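Each chain, written out:
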There are 2 protein chains.
Amino acid sequence: MEPITGGPAQLVLTASIARRYYVDGRSKVEIADEFRLSRFKVARLLDQARSSGLVRIEISHPGNVDLDLSARLQETFGLRRAIVVDTPEVEPAALRLQLGKAAAELLTEIVTADDVLGLAWARAVTAMTDQLTSLATVPVVQLTGALTRPDVEANSVELVRHTARLSGGPAYLFYAPLVVPDATTARALRQQPEVAEAISHFDAVTKAVVGLGSWAAGQSTLYDAMDADACEQLQKRGVVADISGVFVDAKGVPVQSKVTDRVIAINAEQMNAIDEVIAIPYGLAKVEAVRAAVRSGLVNGIVTHSPLARALLDEVY
Amino acid sequence: MEPITGGPAQLVLTASIARRYYVDGRSKVEIADEFRLSRFKVARLLDQARSSGLVRIEISHPGNVDLDLSARLQETFGLRRAIVVDTPEVEPAALRLQLGKAAAELLTEIVTADDVLGLAWARAVTAMTDQLTSLATVPVVQLTGALTRPDVEANSVELVRHTARLSGGPAYLFYAPLVVPDATTARALRQQPEVAEAISHFDAVTKAVVGLGSWAAGQSTLYDAMDADACEQLQKRGVVADISGVFVDAKGVPVQSKVTDRVIAINAEQMNAIDEVIAIPYGLAKVEAVRAAVRSGLVNGIVTHSPLARALLDEVY
DNA sequence: ACACCGTCTGCTCATATGAGCGGAGCTGTG
DNA sequence: CACAGCTCCGCTCATATGAGCAGACGGTGT
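Heads up: these notes are all about the structure in this document. (Residues numbered from 1 in each chain as written. Chains lettered and ligands numbered in written order. Predicted model: local features only at pLDDT ≥ 70, side-chain atom pairs only at ≥ 80, totals over all residues. Heavy atoms only, no water.)

**As for the packing of aromatic side chains**
1) Next: Taken as a whole and assessed by the stated rule, the structure comprises 6 aromatic pairs over all chains.
2) Next: Where Y21 of chain A meets Y22 of chain A, the ring centres are 4.9 Å apart and the plane angle is 90°; that geometry is what we call edge-to-face.
3) Next: Look at W215 of chain B and Y223 of chain B: their rings are 4.8 Å apart centre to centre, the planes differ by 75°, and that puts the pair in the edge-to-face class.
4) Next: Taken together, the aromatic side chains of W215, Y223 and F247 of chain A make up a single cluster linked through ring pairs.
5) Next: Its end group placed over the ring of Y282 of chain B, K286 of chain B keeps NZ or CZ at 4.8 Å from the ring centre. (Phe/Tyr/Trp six-rings, centres within 6.5 Å; stacked < 30°, edge-to-face > 60°. Lys NZ or Arg CZ within 6 Å of the ring centre and 35° of its normal.)

**A closer look at the environment of T260 of chain B**
Residue and element names in this part refer to chain B.
1) Next: Turning to its location among the elements, T260 is positioned in helix α12 (residues 258-261).
2) Next: According to the relative accessible area criterion, T260 is buried, its value standing at 16%.
3) Next: Separated by 194 residues in sequence, T260 and D66 have C-alpha atoms that sit 37 Å apart.
4) Next: For T260, the residues in contact, after removing those within four places along its chain, are R190, F247 and V255.
5) Next: Side-chain polar atoms of T260 contact the backbone nitrogen of S257, separated by 2.9 Å. (Helix = DSSP H or I, 4+ residues; strand = E, 2+ residues; numbered from the N terminus. Buried < 20%, exposed > 50% of the residue type's maximum accessible area, 1.4 Å probe, protein only. Contact = heavy atoms within 4.5 Å. Polar contact = N/O pair within 3.5 Å; in protein donor to acceptor, adjacent residues only side chain to side chain.)

**Thoughts on the sheet that holds strand β4 (residues 140-142) of chain A**
All names here are of chain A.
1) Next: Read from one edge to the other, the open sheet built from 7 strands follows the order β2-β11-β10-β6-β3-β4-β5, with strand pairing classed as parallel. Here the strands that pair on one side only, and so sit at the sheet edges, are β2 (81-85) and β5 (171-172).
2) Next: Looking at chain direction, β4 and β5 are connected through 2 bridges and run parallel. Looking at β5, one finds that V140 is bridged to A171. (Pairing = 2+ DSSP bridges.)

**Re the relation of the copies chain A and chain B**
1) Next: Rotating chain A by 180° and moving it 0.0 Å along the rotation axis overlays it on chain B with an RMSD of 0.1 Å. A rotation of that kind, with that shift, is consistent with a two-fold axis. Using C-alpha coordinates, one finds that chain A approaches the rotation axis most closely at I57 of chain A, a distance of 2.2 Å. (Least-squares fit on C-alpha atoms with pLDDT ≥ 70 in both.)

**So, the interface of chain A and chain B**
1) Next: Of the residues lining the interface, 40 residues belong to chain A; the matching set on chain B comes to 39 residues.
2) Next: Of the roughly 3200 Å² buried between chain A and chain B on both sides combined, carbon and sulfur atoms contribute 61%.
3) Next: Residue E75 of chain A pairs with R19 of chain B through a salt bridge whose shortest N-O separation is 3.4 Å.
4) Next: Where chain A packs against chain B, one counts 14 residue pairs in polar contact (both at pLDDT 80 or more).
5) Next: Looking at the side of chain A that touches chain B, the elements that each hand over two or more residues are α1 (8-23), β1 (55-59), α4 (67-76), β2 and α5 (92-110) of chain A.
6) Next: The element contributing the most residues to the side of chain A that touches chain B is α1 of chain A, with 12 residues. (Buried area = accessible area lost by both parts, 1.4 Å probe. Salt bridge = Lys/Arg side-chain N within 4 Å of Asp/Glu carboxyl O.)

**Some points on the protein's contact with DNA strand D**
1) Next: Around DNA strand D, a shell composed of S38, R39, F40, K41 and R44 of chain A together with Y21, S27, K28, V29, R39, F40 and R44 of chain B is seen.
2) Next: The protein-proximal atoms of DNA strand D, defined as those within 4 Å of the protein, are 37% sugar or phosphate.
3) Next: One nitrogen or oxygen atom from the side chain of R44 of chain A is found 2.6 Å from a base oxygen belonging to DNA strand D.
4) Next: Here a phosphate oxygen of DNA strand D and a backbone polar atom of V29 of chain B are 3.2 Å apart.
5) Next: Counting residues per element, the ones that place at least two in the surface near DNA strand D are α3 (39-51) of chain A together with α2 (28-35) and α3 (39-51) of chain B.
6) Next: For the surface near DNA strand D, the leading source of residues is α3 of chain A, giving 4 residues. (Near = heavy atom within 4 Å.)

**Some remarks on the packing of helix α8 (residues 183-191) of chain B against helix α9 (residues 193-200) of chain B**
All names here are of chain B.
1) Next: For the pair α8 and α9, interaxial distance at closest approach is 5 Å and the crossing angle is 80°. The orientation of α8 with respect to α9, classified from their angle, is roughly perpendicular. On α9, the residues that touch L189, R190 and Q191 of α8 are P193, V195, A196 and I199.
2) Next: By residue class, the composition of the contact of α8 with α9 is 5 nonpolar, 1 polar and 1 charged. (Axes fitted to C-alpha atoms, helices over the stretch in contact; angles between N-to-C directions. Parallel < 35°, antiparallel > 145°, perpendicular 65-115°, else oblique. Nonpolar A, V, L, I, M, F, W, Y, C, P; charged D, E, K, R; others polar.)

**Section: helix α9 (residues 193-201) of chain A**
All names here are of chain A.
1) Next: Taken as a whole, α9 has its buried residues at V195, A198 and H201. For α9, the angular spread of buried residues about the axis comes to 125°, placing them on one side.
2) Next: Residues of α9 that are buried make contact with β4, β5 and α8 (183-191). (Arc of directions from axis to C-beta.)

**Quick look at the pairing of strand β10 (residues 276-279) of chain A**
All names here are of chain A.
1) Next: Judged by which residues are buried, β10 turns out to be covered on both faces: E276 and I278 on one side and V277 and A279 on the other are all buried.
2) Next: Bridge count for strand β6 (residues 207-210) against β10 is 4 bridges, and the pairing is parallel. Paired with K207 across the two strands is E276, which belongs to β10.
3) Next: Remark: the β10/helix α14 (residues 287-296)/strand β11 (residues 301-305) crossover connection has right-handed handedness. (Right-handed = clockwise from strand over helix to strand, strands pointing away.)

Here it is as structure tokens:
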């Protein structure tokens, strides 16, 4: 792999040729003419230059996206999109800001006029939409009800409205909580005109950005907002992740339960029909949730930070 | 030149493709199949990767030869060989050792069984032969008489004998000083059987290593060994360099004078007929001498250190 | 609505390139 | 000396690649 070249004259010759080829972009034939060598000799010297390490090729860029991790994540988990932001940041709010920025750029890039965008409520999704600067003209569909938390002023509705305004497309939004005390209330809510209208557009959604929580206290806004009984019940059913109201177990299989009926949100089947579903997970505690979400096939795009990406890759046995 | 790419997804895609192409050595067609793109798209992304600086190609190596300077020296002065040793060393003896090593490797590399090797007396040449470890079997011809200096034990004869022994080829050597007091003595010496024999082989020499001095006190062993009158006379004639006994002016034209007749060495015409003549100059004071020697066309190979190489290149207007 | 312009795409076709072959020269060995 | 094994070279021929072109698209000004 690394036997270095022969003598110093050949070394200089090889370096000159390598420069002509790689830096100046000359063809091997031209170089052969210039140096009075056969093109085969030139090719062999260049091969040697590569294998001996005389010519080193690096792939990197000035931004904060870790290209190598991104590509590995994408390939390893068969994702459509993977963006890994290289940052040592651990403070959740700051992290959301960075990931939101990256996700916003991604969304701007991948959403075209043919798409229908679905947005779920999540702090990371808000962080994204807040930093959106441009978006193709598309309908924007609210995928979930909202949760009100003291630390967040923007709600699911605002998030959708803001994005639709930026886009210039229609907004399908509604005022409803993400989770209600019983199935009956949920059913009634789903009958409401605005809610029903939004739901009717779920099938048309082609790209969505969703929240992703680990089914544990402090790792999912939904978990924290739900009654202990429901949480426990879902946990017993093997739920490890909630994807904007869709519960999945460690194998990635969606879990149906009475609790599911109390959630005002897109369901597993509908989510599965969406072409691209992007989540923005962060924090090492979410490793298993991400794994489950990806296994489920419901989520096929990830925007995350390097520590979580590394953890995901490390644990692939 | 450096507009960086579009969005993050394309960035990751481009990086993945660049890795496949440059690192894994896949063809663009294969990559196109793998990523479901046209080969044109792949080619365009790769072009973009290069021009945006995403892919950086460096040419360097672990040794102490400055490949870039070597190549530039070679190209700028139209040399057959140029080896620039990258060293901050300024102490002449240590420098000779380093350059001698590089020159020895060069000689080992470029001398083939078809060659006839000529060696002139010079400290740098001695430094080279001392570090020679292998050499094709070739005749070795002594090109100059020797100078005896208190700081040097090896003389021209030993240098040739040692090299011939290492090579396994015949040695054509003689005992005579490099410069004698008058032309008559010189003529007589040239008649001596061993001297005449060696001289008769000058025409057959295909590769030679010579000394190169700047015509000033302390910059040429020959200058220092010669009487003041002769030195001054040559200087008046415009001599700026001596190439193992061949004097050349700043334009590179060999200078014939009465002093020339007193030197027991290869002459300008004979040296000019040699295919490759390599010199091992060092020290910034020799800039003009090197320039003259190269202009003369007598010397077409240089082994030197980076400061001198840089000085030579800097002063090219 | 219209023509216009810049961008992006995939095409054709000439050229550059790679894989693998057989010959030349060198080396060590019986 | 003869021979096998080796490296190095340049060849053929199939394939990969680049240059330049023309159509498609999206935005833009009239």
